[in-house]
Each structure stands twice: as C-alpha cells, then as structure tokens.
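Fold and contact review
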Amino acid sequence: MSEPVLEIKNLNVDYGLGDQAVHAVRDVNLTLHRGEVLGLAGESGSGKSTLAYGLTRLLAPPGVVSGGEVIYHPEKGEPYDVLGLTDKQLQAFRWAETAIVFQGAMNSLNPVHKISTQLTDVLAAHEPQMSAHSRNARAREMLKLVGISADRMDAYPHQLSGGMRQRVMIGMALILQPQVVIMDEPTTALDVVMQRQILGQLIELRERLGFSVIFITHDLSLLVEFSNRIAIMYGGRIVEEAQANSLYRDSLHPYSKGLLSSFPALRGPRRELAGIPGSPPDLKAMPTGCSFHPRCPRAFEPCAGNIPVLGNPDTPDGANRTVACWLHPVKQPVG
Ligand code: SF4
C-alpha cells in the first residue's frame, strides 16, 4: 500500500458542550493513502459529513472537535496536525492541500458571479503573484479537463445544467492541484447516468493528476464501483473497513450486509431488496452497547451491554480489514 497522505487518529466531534454535548463522531481512526479513493458510507446521521467537516475544520458552531489528530503529510516537508494550524495557515492549507466538493453545486457556486470569476478568484487568493492572463488560462484549462467547453467561462451558474455545475465545482477543487479532495455526496442531486459520467471522469483525473479522494455517500453501490477501500459508519463510529471488493463479496458487519442488500446486485439474478428495518439511532439517546443492536438481525447476549471494539478480525484477510462486532473476535484493536 502507498504511503499515507492523511491520518485521522481518535477523532471525536461533538455538537454542544459539557453534559449537553451530542457525540456525533467517536474515536474515528482512518488513513487515506496517496492516490487512493477511500469511500465513506452510512445512512443519514451516521456522522460521515460531520467527520469531513471536522477534519477540514469547517464545522460551524455548535460543532466542535473534542479530541484527536488529523495528520497531513505534505509532498515536501514534515507531517503536521491540521487541528493545530493557525487561521492563516489553515487558509493556505484549504484548496491548495485539501479541497472539498459539496453536495449542492447550486448552493456552493455564487449565483451572481460568472464561472470565470469564481475559478480565477481561487487562484487570486492563493497565488497572488500570478498574472490575470495566466489565471484565466488556468481556469480555461481546468474547465476543459472537467469536460466543459472553455467558451462557457462567461456563463452564470444558472445557465449551466446541474451536471455542469457540479463539474465546475470539481474543477474549482482541483485548480490548485491539492493532494486530497473530499467529496461530500457530490452527485446525489444528479441522475444516475450523470452520476456515473462525473465519477468516471473524476477517477480518470485522479489517475492523471495523482490526488487522493475521500468519497462520502449513502450509496454503497457507487463506492463499490469507484473506491479502492470502503469504511462504513454507524452512530458516529467506523464499524467496518475493507478493500472495496472484499466488502462487496464478504462483508462481516451486519450493518454493512444490510446496506449492501439495499441496492440491486450488479450481476446475477434479480432479487428482492431487503433493506434495514428501523431507523438510525438518535444521537441524543444512543442505545447502550453496540448502537446497531436494536436493528440487528444477529444481535445476541453481549450486544446490548458492551460496545464492540474496532480491530482486525481473526480471518485469513484480517490484517487488511477491520470490524467492530461481537460476532467477529478482534485479534488486534485499532487506535
Ligand atoms: Fe449485531 Fe451484536 Fe454485531 Fe452489533 S455487535 S452488529 S448487535 S451482532
């Protein structure tokens, strides 16, 4: 496996303080390696987006990172903790080292500015020495890279289709050639054909430019197709992590199995979709023990009383995967 570019260590994110705090992300350990696509899946409210906002320090109050480290490995120089950056350092870090693409391009693009202005503004803020001519040339080149004709530079966001707007957002995220791109449900608002076109193009760009991706979605089928590894979140915790094909063929955690049975198989005979009964837990009143136990078809005696530890299971491929479930004794805990 290639070297790490981002290491999330024991990250905790709360909403509110003291006794009133709601623990939205708990003890998350994840490593993103250079050039890989790490998928992050889970239902709404599982903590995926909060994790992304926490690690990029984009959390709005009352969200607060209450513990942990986010170690970034730059291409040159020593690794550093993103959580310890000053505001000025953070400003330089965003876009240039790590960029984020949000779900609704219409909400992220400024409706009263042309696409050209929005692309060149990023360059003006981070590379002030660059001439206006060069900024313009880079913006045109970026648009072409994401599949939009450069003659749309002077369009306003409302003059572009949803797919084109999302491509502009991806172009904007890549314009400073960051090492890490975080995509938070980037194609959810688009139809399935457009989703796959855009994600296919992103993977091509990743191969060409060499950045790494954290790809967040509730749609596990997309992750199976486009990720190298997948981590599954439930109730603010990582409950399973494995190579995408291992997770697809042989998931261990009952929640991962439930998510996989919620979408049609890519191949083979048609089958009835099972889904997962019940609703995600209320973070203000989390179930005791394994937070999935009220919905779990395999729950047994220890599940309601004890939180399962995330670690490498005692399976032939156990060194390359982790799971937190009492059904799978852990050989080596994580964190
Ligand atoms: Fe189900 Fe128990 Fe495993 Fe939780 S620990 S997923 S309740 S079997």
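Quantities reported herein were computed from a predicted structural model and do not represent experimental measurements.

This paragraph deals with the nonpolar core. With 57 residues, the main nonpolar core has Phe215, Leu220 and Ile232 as its most contacted residues. Counting residues per element, this core draws most heavily on helix α6 (residues 162-174), which supplies 6 residues. When residues of this core are sorted by domain, at least three fall in each of domain 1 (4-97 + 178-287) and domain 2 (99-177). Among all residues touching Ile232, those that are not within four sequence positions of it are Ala41, Leu220, Arg237, Ile238, Val239, Glu240, Leu247, Tyr255, Ser256 and Leu259. Ranked by size, the runner-up nonpolar core spans 31 residues in total, among them Leu38, Leu51, Leu85 and Leu90.

In this section: α6. Counted at 1.5 Å a residue, the expected span for α6 with its 13 residues is 18 Å, and the 19 Å between its end C-alpha atoms agrees. Here α6 lies mainly inside the structure; 11 of its 13 residues are buried. Listing the buried residues of α6 in full gives Gly163, Arg165, Gln166, Arg167, Val168, Met169, Ile170, Gly171, Met172, Ala173 and Leu174.

Below, the discussion takes up the domain arrangement of the protein. When its domains are assigned, the protein resolves into domain 1 (4-97 + 178-287) and domain 2 (99-177). Computed from C-alpha atoms alone, the centre-to-centre distance between domain 1 and domain 2 is 25 Å. With 28 residues of domain 1 at the contact, the number on the domain 2 side is 20 residues. Here domain 1 packs against domain 2, burying approximately 2,200 Å² in sum over the two surfaces, 68% of which is carbon and sulfur. Of all residues in domain 1, Trp95, Pro178 and Gln201 give up the largest surface area on contact with domain 2, accounting jointly for 29% of the area buried on that side. Here domain 1 is connected to domain 2 by 0 salt bridges. Counting across the domain 1 and domain 2 interface gives 8 residue pairs in polar contact (both at pLDDT 80 or more). Contributions of two or more residues to the side of domain 1 that touches domain 2 are made by α2 (87-93), β7 (180-184) and α7 (192-209). Per-element accounting of the side of domain 1 that touches domain 2 gives the leading share, 8 residues, to α7.

Analysis parameters
Residues numbered from 1 in each chain as written. Predicted model: local features only at pLDDT ≥ 70, side-chain atom pairs only at ≥ 80, totals over all residues. Heavy atoms only, no water. Core = buried A, V, L, I, M, F, W, Y, C linked by side-chain atoms within 4.5 Å. Buried < 20%, exposed > 50% of the residue type's maximum accessible area, 1.4 Å probe, protein only. Helix = DSSP H or I, 4+ residues; strand = E, 2+ residues; numbered from the N terminus. Domains from an automatic or database assignment. Contact = heavy atoms within 4.5 Å. Expected span 1.5 Å × (residues − 1). Buried area = accessible area lost by both parts, 1.4 Å probe. Salt bridge = Lys/Arg side-chain N within 4 Å of Asp/Glu carboxyl O. Polar contact = N/O pair within 3.5 Å; in protein donor to acceptor, adjacent residues only side chain to side chain.

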